Amino acid sequence: MQNRRSFIKKSLTVGGGLLSSTLFSFSSSIKKEGMKPIMISTWNHGFGANEAGWEYLKEGGSALDAVEYGVRVPEADPKERSVGYGGLPDREGKVTLDACIMDHKHDCGSVAFLQGIKHPISVARLVMENTPHVMLVGEGAKQFALANGFEEEELLIEQSKKDWEKWMETSKYKPVINIENHDTIGALALDADGNLAGACTTSGAAYKMHGRVGDSPIIGAGLFVDGEVGAACATGLGEAVIRTAGSAMVVEYMRMGKSPREACEIAVKRIMNTHKNRMENLQVGFLALNKDGEYGGYGIRSGFNFAVVDKKNGNRMEDAPYKMEW
Ligand code: SD4
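Once a new chain begins, its residue numbering starts again from 1 and follows that chain's sequence as written. The predicted origin of the model limits local features to residues at a pLDDT of at least 70 and limits the giving and counting of side-chain atom pairs to 80 or more, whereas totals for whole chains, interfaces and linings rest on all residues. Hydrogens are left out, water is left out, and the side-chain values use all remaining heavy atoms of the structure.

As annotated in an unreviewed UniProt entry, the chain carries the name N4-(Beta-N-acetylglucosaminyl)-L-asparaginase and comes from Sediminitomix flava.

Undergrad: Describe the overall build of the chain, with residues and values.
TA: Across its full length, the chain holds 10 helices and 13 strands. Here the term buried applies to any residue with accessible area under 20% of the maximum for its type, exposed to any over 50%, and partly exposed to those in between, with areas from a 1.4 Å probe on protein chains only. Relative to its full complement of 326 residues, the chain shows a buried share of 56%. Contact definition: two residues touch when any of their heavy atoms are within 4.5 Å. At a minimum sequence separation of 6, the contacts of the chain that also span at least 24 residues come to 64%. Here the open area of atoms and residues is found with the Shrake-Rupley method and a 1.4 Å probe, where only the protein chains shown may cover a residue. A total of about 14300 Å² of accessible surface is found on the chain, and carbon and sulfur atoms cover 52% of it. Here a helix means four or more residues in a row that DSSP labels H or I, a strand means two or more in a row labelled E, and each is numbered from the N terminus.

Undergrad: Please set out the sheet that holds strand β6 (residues 196-202) residue by residue, giving values where relevant.
TA: Spatially, β4-β3-β2-β6-β5-β1-β11-β12 is the arrangement adopted by the eight strands of the open sheet, whose pairing is mixed. Here the strands that pair on one side only, and so sit at the sheet edges, are β4 (135-137) and β12 (314-319). When strand polarity is set aside, the average angle formed by the axes of neighbouring strands in this sheet is 10°. Here six bridges tie strand β2 (residues 97-103) to β6, and the two strands are oriented antiparallel to one another. In short, DSSP must find at least two bridges between two strands for them to pair. Convention adopted: a line fitted to C-alpha atoms gives each axis, helices being fitted over their contacting stretch, and angles between N-to-C directions are expressed from 0 to 180 degrees.

Undergrad: Describe the UniProt feature "binding site: substrate" (unreviewed entry) in the chain, listing the residues and the values that go with them.
TA: UniProt positions are given in the numbering used here, feature names are shortened, and annotations may be inferred rather than shown by experiment. This chain's UniProt record puts "binding site: substrate" (unreviewed entry) on R212, V213, G214, D215, T235, G236, L237 and G238. Residue T235 is classed as buried on the basis of its relative accessible area of 2%. Not counting the four nearest positions on each side in its chain, T235 is found in contact with T42, W43, T184, Q283, V284, G285 and F304. Within 3.5 Å is the distance limit for a polar contact, defined as a pair of N or O atoms, with the added protein rule that one can donate a hydrogen and the other accept it, and that residues adjacent in sequence qualify only through two side-chain atoms. In terms of polar contacts, T235 uses its side chain to reach the side chain of W43, at 2.9 Å. Counting through the fold element by element, L237 comes out in the loop between β8 (230-236) and α8 (238-243). The partly exposed category is assigned to L237, whose relative accessible area is 22%.

Undergrad: Go over helix α7 (residues 158-170) with me, naming the residues and quoting the values.
TA: Two residues of an α-helix separated by three or four positions point the same way, owing to the 3.6 residues in each turn. Of all the positions in α7, only S160, W164 and W167 are classed as buried. Along the axis of α7, the buried positions cluster into a sector of 60°, meaning they face one direction only. Of the residues in α7, the exposed ones pointing more than 90 degrees away from the buried face are E158, K166 and E169. S171, located one to two residues past α7, shows a positive phi value of around 50°. In this context, the arc is that of the directions from the helix axis out to the C-beta atoms.

Undergrad: Would you mind going over helix α3 (residues 45-57) in detail, with residue names and values included?
TA: The span you would expect from a helix comes to 1.5 Å times its residue count less one. Between its first and last C-alpha, α3 extends 18 Å over 13 residues, near the 18 Å set by a 1.5 Å rise per residue. Buried positions along α3 lie against β1 (38-42), α4 (63-76), β5 (185-190), β11 (305-310) and β12.

Undergrad: Break down the UniProt feature "active site" (unreviewed entry) in the chain for me, citing the residues and quoting the values.
TA: UniProt records the feature "active site" (unreviewed entry) for T184 in the present numbering. Here T184 is to be found in the loop between α7 and β5. In this structure T184 touches T42, W43, H45, C200, T201, T202, S216, A234 and T235, once residues within four positions along its chain are discounted.

Undergrad: Outline the packing of aromatic side chains, listing residues and values.
TA: Under the pairing criterion, centres of Phe, Tyr and Trp rings, with the six-membered ring standing for Trp, must be within 6.5 Å; the plane angle then separates stacked pairs below 30 degrees from edge-to-face pairs above 60, leaving the rest tilted. By the definition in use, this model includes five aromatic pairs. Considering the side-chain rings of W167 and Y207, the 4.6 Å spacing of their centres and the 15° angle between planes classify their relative orientation as stacked. Pair noted here: W167 is in helix α7 and Y207 is in the loop between β6 and β7 (223-226), with a separation of 40 residues, a long-range link. Judged on exposure class, the residue W167 and its partner Y207 are both buried. Seen from their ring centres, F304 and F306 are 6.4 Å apart, and the 45° between their planes marks the pair as tilted.

Undergrad: Now, about the sheet that holds β8: what can you tell me, with residues and values included?
TA: Strand order across the open sheet formed by five strands is β7-β8-β9-β10-β13, with mixed pairing between neighbours. The sheet is open, and its two edges are formed by β7 and β13 (322-324), each paired on a single side. Going from strand to strand, the sheet's axes swing by 10° on average, the running direction of each strand aside. Here β8 pairs with strand β9 (residues 284-290) via seven bridges, running antiparallel. Within β9, the residue paired with A232 across the bridge is A288. Against the sheet, helix α9 (residues 246-255) engages β7, β8 and β9, with an angle of about 145° to β8.

Undergrad: An account of unusual backbone geometry is requested, with residue identities and associated values reported.
TA: The linkage connecting K36 with the following residue, P37, adopts the cis geometry, with an omega of -5°. Relative to the assigned elements, P37 resides in the loop between α2 (16-31) and β1. Positive phi outside glycine occurs at F113, with the angle close to 55°. The residue F113 is located in strand β3 (residues 108-114) in this model. Phi at Y207 is positive, roughly 60°, even though this residue is not glycine.

In structure tokens, the structure reads:
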């Protein structure tokens, strides 16, 4: 019996038509390596998010539920100092949260500069499902949340307050993402029905200016989903991601036929080119997942990792490839 390799070798000798159709079937078999359902999430806290999301996906639940309930885990965890409750505050000592969510039909919802509400991702979902709008910010977003049954809570924990007070002694604003651990959670999922969704939620850059909004609640920057193609999310310095419409760019490269990993790498290169003169400490990482269940990530610098869960291999961490060491 001939194996695949000897079959391809033989085919190479028998004329153009068979050659090209053989190569085509070979490359499409590579493409189909992905699987569904599958979920991928940024950083170490992506592991817990994936665990929660998988509870939905494994039972045939929707990608949208998986990403929302997945990212609620780090949102509620005070040990995660970059997301939700326990997140580091801005320079005035206020915890202000950004989040967005998007499904395969281009429906999306977002909240920015939200204070006092532990689960901004669920408020974002409600904006998507119960309003004619995409984005609510600040006091308006809070009023909307309270009117819909969310409770106001103090999100600044003692340790974050102490860290902020220490920071106030010098007030130097030097964000170093994935060293000081202010890392957004971005999650992407493909469910058993073949539908994609994504969610992104953060307390943003620690000690940012009061009122600053990053990329994470901005559709096309921190997150983008196109149900026909794929989904992407970003982490890192939000200003750099907004300037380049980062996640939308990743999805567009997948539309042009790039693999998720290649698409993330191209977007990273683009950011490096457009930020040539401000590369000091710049870190941005992208994750992408396509319609076939293939996934990949890429960071400007070392240290960006992510969690992947599927039926075959369970939940595990992977290191993203990168362009430079710190
Ligand atoms: C922001 N992108 O607010 C977020 C921060 C982040 O890893 O992702 N840190 O700019």
